[in-house]
Amino acid sequence: MVQQHRIYVVQFDKGEPDQEELSCKASPPKGGGRRIMYYYHDYGTGGAAGKNGKPAKSRALSLSGFFGLLLICLFGLATLLAAPGAFFSFARTGGAAAAAAATQQQQSEKCSGIGNDTLCCDRSSRRADMCFARGDLRMHSASASFQLVSSAGRPAVEEEERIRPYTRKWEAHVMKTIDEVRFHRVSPGEAARCDVRHDMPAVLLSTGGFTGNVYHEFNDGLLPMFVTAGHLQRRVVFVILEYHDWWMTKYGDVVSRLSAFPPIDFTADRRVHCFPEVIAGLRIHGELTVDPARTPEGRSIRDFRRLLDDAYRPRINYLERMERKAARKQRRASGAAAGKLALPSKHPAAPAERPKLVIVSRTGSRVIENEEELKAVAADVGFDVRVVRPERSTEMCKIYRDLNASDAMVGVHGAAMTHFLFMRPGKVFIQVVPLGTDWAANEYYGEPAARLGLRYVGYKILPEESSLAREYPAGHPVLTDPAGVAQRGWDVTKKVYLDRQNVRLDLARFREELVAAHRYLVAGKRKGRPKTKPIAM
């Protein structure tokens, strides 16, 4: 099994790829009755399910199995005759893939096809636990629990599950900060009385942990929310632990595209909310990504980006109208003061459109020390340059507007690189990679950007471009062997390469990347390469 060596702060740890996670889909109400949720094994791995989501009974050799086996034999024979090398290559790898798929199916079968009045938890994924409950569910925040009211009277046996619904399960020190919620079965006489009844599922999640860092806000929260609830077509209620008003202010536009109903603050709302279904925990597919093979409707990261378009369009349109109104007012005031000195040309020459480049600027550490010179070089290459400095108080839609309208983005590795999600597929993302951050930069931003459809360029700085070259002598391991330094522990890596390192770009070398990006963008416009259009203003 492939090992991933994680070395980046609060995002990295040693571990293995995800185990297969569950997928669930809500059916429309039938006859005005209770909604029914079907739980499938997984999407794309061939897990079998029978009617109403129940596992199909296996037979030693069914008629369909016989014809399936016959079809495989015929395919294998044809492949062998047409391309023997390819056949034997397939045979060598097929066994391992089949074994992996079988293991994943066994892990996901635990909660597949659950019926009414049922509680089941799947803890097979390394990234996140998930619990699924169906029946008469009652949120009882006073006891930090959900009650599953037994339809058969007093439960014959005690049934209870506990979960911390956060997507960084492997980081024990962080998970300890996440509130634990209990699911337990009660008799009708013990159940809390419903204050609010909902006829749709609830999804329980936490916005605690590393929330406050834009990477984690998207990777651990918004994207998993999209993966878990996107197929429910906004008929879902989010129940949130460690609720923050500022988080809803910042991301309310996005959350409203996933749910048509206000979220519930689990701790503060002491009313008893009743649901027919509850999903506790979120699915996560990887770093800033959505795997179409593991979503009910084959959705991808581009679908998430379209959701961002829908979320931010109304606010951006409003901002644009206000800016146009202010500009007209300014022009009228200027015209009245100066008078009409010359008649405008009836057919003014349209200026040549220059590709737009956004420099995402940092403060503190990993700063581009010669940023002003970089701006001048980029303008000389032919870009219309804009500098964006995201702050905690910056309205997210304003950052989205800048990057959605840009053709290229340049920035130094760090959480702000998450904003590549705001760019249109086909554009250029240049990430400056400081010493000691090669793996992190590629794993967390480079590969996800490529999956979004961006042209990704990782500009690895040379030792002489690092501010560390002024602190350490030439040939020092900090400059020549960052991987070896990283073996001394995370504290050393963070202190040396993240907290104390700035960059001074070799502008002659970096200019080559800018020229290549400019040529790519101009050539794309000439060829009429299909692109995702920016937001219509």
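Throughout what follows, the structure given in this document is the object of discussion. What you are looking at is a predicted structure, and each value in this text was computed from that prediction instead of being measured. Per chain, residues are indexed from 1 in the order of the written sequence. Reporting of local features is limited, given that this is a predicted model, to residues whose pLDDT is at least 70; pairs of side-chain atoms are given and counted only at 80 or more, and all residues count toward the totals for whole chains, interfaces and linings. The basis for the side-chain values is all heavy atoms of the structure; hydrogens and waters are excluded.

Let's shift gears to the overall build of the protein chain. Here a strand is any run of E in DSSP of at least two residues, a helix any run of H or I of at least four, and the numbering for each starts at the N terminus. When its secondary structure is counted, the protein chain shows 13 helices and 17 strands. Taking all 537 residues of the protein chain together, 49% fall into the buried category. Considering only contacts in the protein chain between residues 6 or more positions apart, those separated by 24 or more positions represent 74%. Total accessible area computed for the protein chain in this model is approximately 26,300 Å², and 54% of it derives from carbon and sulfur atoms. We call a residue buried when its accessible area falls under 20% of the maximum for its residue type, exposed when it is over 50%, and partly exposed in between, using a 1.4 Å probe and counting protein chains only. Residues are treated as being in contact if the distance between any of their heavy atoms lies within 4.5 Å. Computed with a 1.4 Å probe, the accessible areas rest on the Shrake-Rupley method; for each residue, only the protein chains presented here act as cover.

Turning our eyes to something else, we now look at the pattern of salt bridges. Each reported salt bridge corresponds to a side-chain nitrogen of Lys or Arg within 4 Å of a carboxyl oxygen of Asp or Glu. Scanning all chains against the criterion turns up 33 salt bridges. Between R185 and D117 there is a salt bridge; the shortest N-O distance is 2.7 Å. Taken as a pair, R185 in strand β7 (residues 181-186) and D117 in the loop between α2 (84-108) and β3 (118-122) lie far apart in primary sequence, 68 residues in all. For the pair formed by R185 and D117, the shared burial category is buried.

What follows concerns the packing of aromatic side chains. Any two of the Phe, Tyr and Trp rings considered here, Trp counted by its six-membered ring, make a pair once their centres fall within 6.5 Å; the pair's planes then place it as stacked at under 30 degrees, edge-to-face at over 60, or tilted in between. Applying the stated criterion across every chain, the model contains 16 aromatic pairs. A centroid spacing of 5.9 Å and a plane angle of 65 degrees characterise the contact between F218 and F422, whose relative ring orientation is edge-to-face. With F218 in helix α4 (residues 214-229) and F422 in the loop between β15 (408-412) and β16 (428-433), this pair connects stretches of sequence that are 204 residues apart. In this structure, F218 and F422 share a single accessibility class: buried. Judged by centre distance (5.8 Å) and plane angle (55 degrees), the rings of W247 and Y251 are tilted. Taken together, the residues W247 and Y251, both in helix α5 (residues 245-258) and four residues apart, mark about one turn of the helix. Each member of the pair W247 and Y251 is classed as buried. The structure contains a cluster of three or more aromatic residues connected by ring pairs, namely F218, F226, W247, Y251, F304, Y312, Y400 and F422. Cation over ring: R392 sits above W246, and NZ or CZ is 5.6 Å from the ring centre. For the cation-ring pair, R455 lies above Y520, with the distance from its terminal atom to the ring centre recorded as 4.4 Å. Distance and angle both matter: a charge sits over a ring if NZ of Lys or CZ of Arg is within 6 Å of the ring centre and within 35 degrees of the ring normal.

We now examine helix α12 (residues 490-498). If you check which residues of α12 are buried, you get T493, V496, Y497 and L498. Considered in projection along α12, the buried side chains sweep an arc of 155 degrees and stay on one side of the axis. Opposite the packed face of α12, turned more than 90 degrees from it, sit the exposed residues D491 and K495. Buried positions along α12 lie against α10 (477-480) and α11 (482-486). Note that the arc is defined by the directions from the helix axis to the C-beta atoms.

Throughout, disulfides are identified as pairs of cysteine sulfur atoms within 2.5 Å of each other. With the rule as written, the count across this model stands at two disulfides. Here C121 connects covalently by a disulfide to C131, the sulfurs 1.9 Å from one another. Since a negative S-S torsion denotes a left-handed disulfide, the C121-C131 link at about 105 degrees is right-handed. Note that C121 is positioned in strand β3 and C131 in strand β4 (residues 130-140), a separation of 10 residues in sequence. Exposure class is identical for C121 and C131. Each is buried. Note on cysteine connectivity: C194 is disulfide-linked to C274, with sulfurs 1.9 Å apart. Every disulfide takes its handedness from the sign of the S-S torsion; for C194 and C274 that torsion is -105 degrees, giving left-handed. Taken together, the positions of C194 in the loop between β7 and β8 (196-197) and C274 in strand β12 (residues 273-280) put the pair 80 residues apart, joining distant regions of the chain.

Quick look at the pairing of strand β17 (residues 455-460) now. Think of it this way: DSSP has to see at least two bridges between two strands before they count as a pair. The pairing of β16 with β17 spans six bridges and is parallel. By the bridge assignment for β17, V432 is matched with Y459. Considered for its hand, the β-α-β crossover made up of β16, helix α9 (residues 438-452) and β17 is right-handed. Note on handedness: a clockwise path from strand one over the helix to strand two, with the strands aimed away from the viewer, defines a right-handed crossover.

Moving on to the nonpolar core. F218, F238 and F420 are the most contacted members of the largest nonpolar core, which has 60 residues in total. Summarising the domain contributions, this core has at least three residues from each of domain 1 (116-306) and domain 2 (354-526). Apart from residues no more than four positions distant in its own chain, F420 is found in contact with L288, M409, F429, Y445, P448, A449, L452 and L454. Among the buried residues, those of types Ala, Val, Leu, Ile, Met, Phe, Trp, Tyr and Cys that are joined through side-chain atoms within 4.5 Å form a nonpolar core. Counting residues in hydrophobic clusters, the runner-up holds 32 residues, among them A408, I430, Y472 and V478. These domain limits were set by an automatic method or by a database of domain assignments.

Here the focus is the sheet that holds β17. Taken together, five strands build an open sheet; the order of strands is β14-β13-β15-β16-β17 and the sheet is parallel. With one partner strand each, in any of the chains shown, β14 (384-388) and β17 form the two edges of the open sheet. Neighbour-to-neighbour, the strand axes of this sheet turn through a mean angle of 20 degrees, independent of strand direction. To get an axis, fit a line to the C-alpha atoms, keeping to the stretch in contact for a helix; angles then go from 0 to 180 degrees between the N-to-C directions. Here α9 sits on the sheet in contact with β16 and β17, set at roughly 175 degrees to β16.

Glancing now at a positive patch on the surface. Surface patches are drawn from residues lacking salt bridges whose relative accessible area is over 30%; two like charges belong together within 9 Å, two nonpolar side chains (Val, Leu, Ile, Met, Phe, Trp, Tyr) within 5 Å. Positive charges come from Lys and Arg alone, negative charges from Asp and Glu alone, with His and the N- and C-terminal ends not counted. Every charge is mapped to an atom, namely NZ of Lys, CZ of Arg, CG of Asp or CD of Glu. There is a patch of like positive charges on the surface, built from R321, R324, K325, R328, K329, R331 and R332. If you trace the backbone, K325 turns up in helix α6 (residues 301-338). Among the residues examined, K325 registers a relative accessible area of 52% and is labelled exposed.

With respect to the secondary-structure elements, E217 resides in helix α4. The exposure class assigned to E217 is buried, which follows from its relative accessible area of 1%. In protein, a polar contact means a hydrogen-donor-capable atom and an acceptor-capable atom, both N or O and within 3.5 Å, with residues adjacent in sequence counting only if both atoms are side-chain atoms; elsewhere, any N or O pair within 3.5 Å suffices. A distance of 3.2 Å separates the side chain of E217 from the side chain of K250, its partner in a polar contact. In terms of polar contacts, E217 uses its side chain to reach the side chain of Y251, at 2.4 Å. Beyond its immediate stretch of four places on either side in the chain, E217 contacts T211, G212, L222, W246, W247, K250 and Y251.

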